[in-house]
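Architecture and fold: a report
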Number of protein chains: 2
Amino acid sequence: MSDPGNFSFTVGSRLDGRHGRSGVISTPHGEIATPAFIPVGTKATVKAVLPETMREIGAQALLANAYHLYLQPGSDIVDEAGGLSKFMNWPGPTFTDSGGFQVMSLGVGFKKVLAMEAVDVRSDDVIAKGKERLATVDDDGVTFRSHLDGSKHRFTPEVSMGIQHELGADIMFAFDELTTLLNTRGYQEKSLQRTHEWAQRCIDEHERLTAARTHRPYQALFAVIQGAQYEDLRRKACRELEAIRGSGGTGFDGYGIGGALEKHNLGTIVGWCCDELPEDKPRHMLGISEPEDIFTAVENGADTFDCVNPSRVARNAAIYVAEGRFNINTARFRRDFTPIDETCDCYTCANYTRAYLHHLFKAKEILAATLCTIHNERYTIRLVDRIRASIEGGYFDEHKAETLGRWKGRIATP
Amino acid sequence: MSDPGNFSFTVGSRLDGRHGRSGVISTPHGEIATPAFIPVGTKATVKAVLPETMREIGAQALLANAYHLYLQPGSDIVDEAGGLSKFMNWPGPTFTDSGGFQVMSLGVGFKKVLAMEAVDVRSDDVIAKGKERLATVDDDGVTFRSHLDGSKHRFTPEVSMGIQHELGADIMFAFDELTTLLNTRGYQEKSLQRTHEWAQRCIDEHERLTAARTHRPYQALFAVIQGAQYEDLRRKACRELEAIRGSGGTGFDGYGIGGALEKHNLGTIVGWCCDELPEDKPRHMLGISEPEDIFTAVENGADTFDCVNPSRVARNAAIYVAEGRFNINTARFRRDFTPIDETCDCYTCANYTRAYLHHLFKAKEILAATLCTIHNERYTIRLVDRIRASIEGGYFDEHKAETLGRWKGRIATP
């Protein structure tokens, strides 16, 4: 059996009276100093950017999506290639999600963010207007249709584990049911029980696959905590997931905080979870990248987080700077021969002007996406690197106040 | 006045009994060892590739298009940025074409290659089916509509010189009339006279702008030789262009061999021109990149050549190898975990498998274009680097026979 000792987490400095801390996650492909932002490379590539460039801008690990790689090229092909890291030429640590979020958001038919805004509605059957239900959940798993060709597929906890073992990322996530804030309290309870049962099946299958695949490095498995906005459900989920063991004694190596929550209660929910979770296991927060959210999550105990946003908005010409976000497509940048941000240390800011980036977007040149993604990913990585330094240096609160003070505008007019 | 002494050409080794030679072009932005392939960065970017990467794969200079940069972002903006090289973060030598090819091919309404295939027709008014005539030529210049927004514009020799001085490339081309093989002999004669008159106007305007723009490095100006498939016209054009001087004594710094010719007579036409052209001036062949054409052009005296093909076909998944070209999109590459070409020294071949590149194309990922462009440009640059070495080493003919012997298939089945 692969050696679970190849995965570990060590806590470094702690924030006074709060769950926030710095630390180091060790994986077979290297270490991750936490808190850390994990850029997303959905289909085994950070869109428009070479892996060496991601390394140069300080990315410590990358996260890919099991659902996408299962459909294309197929997790068996990634396995034959020697695993995700080798396939995509990224020698560092990798994460994969379980595929649950993608297959279930197909089912719900709308994006998480919409659910996050519609808090006064409660229904278990809401579907976005004009959307067909493409996925159905039952106690055993999820049946869904591919967004690529409409073909029918089924994910169960065992299937998700099989795919993620083939993908070979250092950190995997258990297959969980995604709920939204639109679901009733009754449904949340039922769903949480289902996620709990699936977590047990994931551990069992993970144990079996780990024993069978001794030719591959150990892969860590994180449980995913659901429970929406309910304190009792979140706390219960944490305690129960922590107690799960496989027949060989395997427990979860870390925890993902997932599911429906809103910006205003993000910190509270992360806090509830971290009250309950063991101190010595890493905690991943799924899908955040805005500075306020990152400070809130870190302060309340999240160690790592991922988000497609920095690269997605970059491809739409939206640029992050200390004061907020602005769109480089705007005509006022035509003759602006200054860098995006004089204080940024990224390759793009060192070598290109706003006028050039503006030109690339207008001319629909691929390099526009490349250069702006490099900047936005560097911006986010550096933001978190500085948060880590502020925890270790004992000046987190001052640093947070100063950074968010500058960020206040959000829509910047540089 | 900027110092024309910043531009020079030195001949190195020569091919016995033929015009082919090696040499060095010195420009204010560095040297170019010839024969050299000059990759095209149409809109001030080699599509999908960072300039540092182009340097790493051995690109010595890049060529951009005056027509495209005039429309977007505007040559005045490139001028304000400090010139093309600075604008696009490419510290090496640059070329710009005159814009003539683009504005006149709008007028003809079909591509050069189509004209090259229709040699039995002769007419001065042929327009491709379904195409509107977007440009009209008169003795003073060309009036045309932008392909971007339909707006009306006019290029004259003076306008082209003004644009190219604003773009600031080390090597510029005189504004010439593009004819096709469909044009009558009578039209070719008339057109050649027009190109001759425009060449004189270009030299005069170039002299004036060079004197006025002393804050910029000297820019070399190449005349363009037309004359289609007619030996007497090609030879006459060479002699007459060589004799042209501005009122201050400026002559052309080099020559571009342009216009209508076919694959089978490429060598013959280049040979006629090089019989007539001065030995001590560099000669650029416009728009070739296939191995046979490159060997033929070099053997007959061409020093540099450019082509969009290596990058254009790369974006469509067509890959060059020693044996020919193949399409990485084909299903047989799904599980092919070998590099594109074991013998290639490029970044893509060193780090990625055919299976990964296949996946990137299927998944419509931008990195597909980046990685395949790197390979194809490296392939072409290396092909020409080896030809240069074979001239200097005295084994050109053996090298040609061996290289084209392997290339014979053209459509490879690796």
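Residues numbered from 1 in each chain as written. Chains lettered and ligands numbered in written order. Predicted model: local features only at pLDDT ≥ 70, side-chain atom pairs only at ≥ 80, totals over all residues. Heavy atoms only, no water.

Notes on the overall build of chain A
Counting secondary structure elements, chain A contains 16 helices and 17 strands. In terms of overall dimensions, chain A is globule-like: its C-alpha atoms have a radius of gyration of 21 Å, near the 22 Å expected for 414 residues. Along the first, second and third principal axes, the C-alpha atoms of chain A reach 65 × 50 × 50 Å. Across the 414 residues of chain A, 62% fall into the buried class. (Helix = DSSP H or I, 4+ residues; strand = E, 2+ residues; numbered from the N terminus. Rg over C-alpha atoms; globule rule 2.2 N^0.38 Å. Buried < 20%, exposed > 50% of the residue type's maximum accessible area, 1.4 Å probe, protein only.)

As for the packing of helix α14 (residues 354-362) of chain B against helix α15 (residues 366-393) of chain B
All names here are of chain B. Following both chains from N to C, one finds α14 and α15 inclined at 135°, their axes separated by 7 Å at the closest point. Relative to α15, α14 is oriented oblique. Helix-helix and strand crossings are classified by hand; for α14 and α15 the assignment is left-handed. Where α14 abuts α15, its residues Tyr356, Leu357, Leu360 and Phe361 lie against Leu367, Ala368, Leu371 and Cys372. (Axes fitted to C-alpha atoms, helices over the stretch in contact; angles between N-to-C directions. Parallel < 35°, antiparallel > 145°, perpendicular 65-115°, else oblique. Left-handed = near helix turned anticlockwise from the far one by under 90°. Contact = heavy atoms within 4.5 Å.)

Considerations on the UniProt feature "binding site: Zn(2+)" (unreviewed entry) in chain A
Residue and element names in this part refer to chain A. Per the UniProt record, "binding site: Zn(2+)" (unreviewed entry) is found at Cys344, Cys346, Cys349 and His375. Despite a sequence span of 32 residues, these residues sit close together in the fold, their greatest C-alpha distance being 8.3 Å. As for its position among the elements, Cys346 is in the loop between β16 (324-327) and α13 (347-351). Setting aside chain neighbours within four positions, we find Cys346 in contact with Ile374, His375 and Arg378. Here His375 is to be found in helix α15 (residues 366-393). (UniProt positions renumbered as here; feature names shortened; annotations may be inferred.)

Things to note about the confidence of the model for chain A
Residues and elements named next belong to chain A. Predicted confidence across chain A gives a mean pLDDT of 92, with 91% of residues reaching 70 or more. Residue range residues 109-120 is modelled with pLDDT below 50. Its contacts to residues more than four positions away, or to other chains, number 21 contacts. For this predicted complex, the interface confidence reaches an ipTM of 0.94, while the overall pTM sits at 0.93. (pLDDT = per-residue confidence, 0-100.)

Comments concerning the sheet that holds strand β9 (residues 152-155) of chain A
All names here are of chain A. Across the sheet, which stays open at both edges, the three strands sit in the order β7-β8-β9 with antiparallel pairing between neighbours. Single-partner strands in this sheet number two, and they are β7 (135-137) and β9. The sheet shows a mean angle of 15° between the axes of neighbouring strands, taken without regard to direction. Two strands pair when backbone bridges link them, and β7 and strand β8 (residues 142-145) are joined in this way by three bridges, in the antiparallel orientation. (Pairing = 2+ DSSP bridges.)

Observations regarding the pattern of salt bridges
All names here are of chain A. Overall, the coordinates contain 67 salt bridges over all chains when judged by the stated rule. Between Asp397 and Arg18 there is a salt bridge; the shortest N-O distance is 2.8 Å. Here Asp397, found in helix α16 (residues 396-407), pairs with Arg18, found in the loop between β1 (8-14) and β2 (21-27); they are 379 residues apart in sequence, far enough to count as distant. Residue Asp397 is classed as partly exposed on the basis of its relative accessible area, which comes to 40%. Assessed through its relative accessible area of 28%, Arg18 is described here as partly exposed. In this structure, Arg213 and Asp79 form a salt bridge, with 3.0 Å as the shortest nitrogen-oxygen distance. With Arg213 in the loop between α8 (185-212) and β11 (220-225) and Asp79 in helix α3 (residues 75-80), this residue pair connects regions lying 134 residues apart in the sequence. Accessibility classification places Arg213 together with Asp79 in one group, the buried group. (Salt bridge = Lys/Arg side-chain N within 4 Å of Asp/Glu carboxyl O.)

Focus: the domain arrangement of chain A
All names here are of chain A. Domain annotation of chain A identifies domain 1 (4-311) and domain 2 (318-404). Here domain 1 and domain 2 have C-alpha centroids that lie 27 Å from each other. Taken residue by residue, the interface counts 33 residues in domain 1 and 24 residues in domain 2. Carbon and sulfur atoms supply 70% of the area that domain 1 and domain 2 bury against each other, a total of about 2,500 Å² over both sides. Its largest share of buried area at the contact with domain 2, domain 1 owes to Ile57, Phe295 and Pro310, together 28% of the area lost on that side. When contributions to the side of domain 1 that touches domain 2 are tallied by element, the ones reaching two or more residues are β2, β3 (30-34), β4 (36-39), α1 (51-56), α11 (291-299) and α12 (309-315). Looking at side-chain class alone, the side of domain 1 that touches domain 2 contains 18 nonpolar, nine polar and six charged residues. (Domains from an automatic or database assignment. Buried area = accessible area lost by both parts, 1.4 Å probe. Nonpolar A, V, L, I, M, F, W, Y, C, P; charged D, E, K, R; others polar.)

Comments concerning the side chain of A:Ser146
Residue and element names in this part refer to chain A. In this structure, Ser146 sits in the loop between β8 and β9. Overall, the relative accessible area of 6% leaves Ser146 in the buried class. Not counting residues up to four positions away in its chain, the partners in contact with Ser146 are Tyr67, Leu71, Ser151 and His153.

Digging into the relation of the copies chain A and chain B
Note on the identical chains: chain A maps onto chain B by a rotation of 180° and an axial translation of 0.0 Å, with an RMSD of 0.0 Å. What the rotation and shift describe, once combined, is the action of a two-fold rotation axis. Within chain A, the C-alpha atom positioned nearest to the axis of rotation is that of A:Ile366, 3.7 Å from it. Comparing interface residues between copies, 100% of those in chain A also sit at the interface in chain B, which points to an isologous, same-surface contact. (Least-squares fit on C-alpha atoms with pLDDT ≥ 70 in both.)

Focus on the UniProt feature "binding site: substrate" (unreviewed entry) in chain A
Residue and element names in this part refer to chain A. UniProt's feature table lists "binding site: substrate" (unreviewed entry) at Asp97, Ser98, Gly99, Gly100, Phe101, Asp176, Gln226 and Gly259, given in the numbering used throughout. By the secondary structure assignment, Gly99 is in the loop between β6 (94-96) and α5 (100-108). Sequence-distant contacts of Gly99, that is, excluding residues within four places in its chain, are made with Ala66, Tyr67, Phe155 and Phe175. In this fold, Gly259 is placed in the loop between β12 (254-257) and α10 (266-276).

Thoughts on the pairing of strand β15 (residues 318-321) of chain A
Each regular strand displays side chains that alternate between the two surfaces of the sheet. All names here are of chain A. Neither face of β15 is exposed, since Ala318 and Tyr320 on one face and Ile319 and Val321 on the opposite face are all buried. Sheet topology places β15 next to β16; four bridges connect them, and they run antiparallel. Its bridge partner being in β16, Ala318 is matched across the sheet by Asn327. Hairpin connection between β15 and β16: a loop of two residues separates the two successive antiparallel strands.

A look at the interface of chain A and chain B
When the parts of a complex come together, some accessible area is lost, and that lost area is often taken as the interface size. The interface of chain A with chain B comprises 38 residues on the first partner and 38 residues on the second. Across the chain A/chain B interface, buried area totals approximately 3,400 Å², and carbon plus sulfur atoms make up 57% of it. In this assembly, chain A and chain B are joined by six salt bridges. A:Asp76 is the partner of B:Arg335 in a salt bridge, and the nearest nitrogen-oxygen pair spans 2.7 Å. Connecting chain A to chain B are 20 residue pairs in polar contact (both at pLDDT 80 or more). Elements with a minimum of two residues in the side of chain A that touches chain B: α1, α3, α13, α14 (354-362) and α15 of chain A. Taken together, the residues that form the side of chain A that touches chain B break down as 22 nonpolar, six polar and 10 charged. (Polar contact = N/O pair within 3.5 Å; in protein donor to acceptor, adjacent residues only side chain to side chain.)

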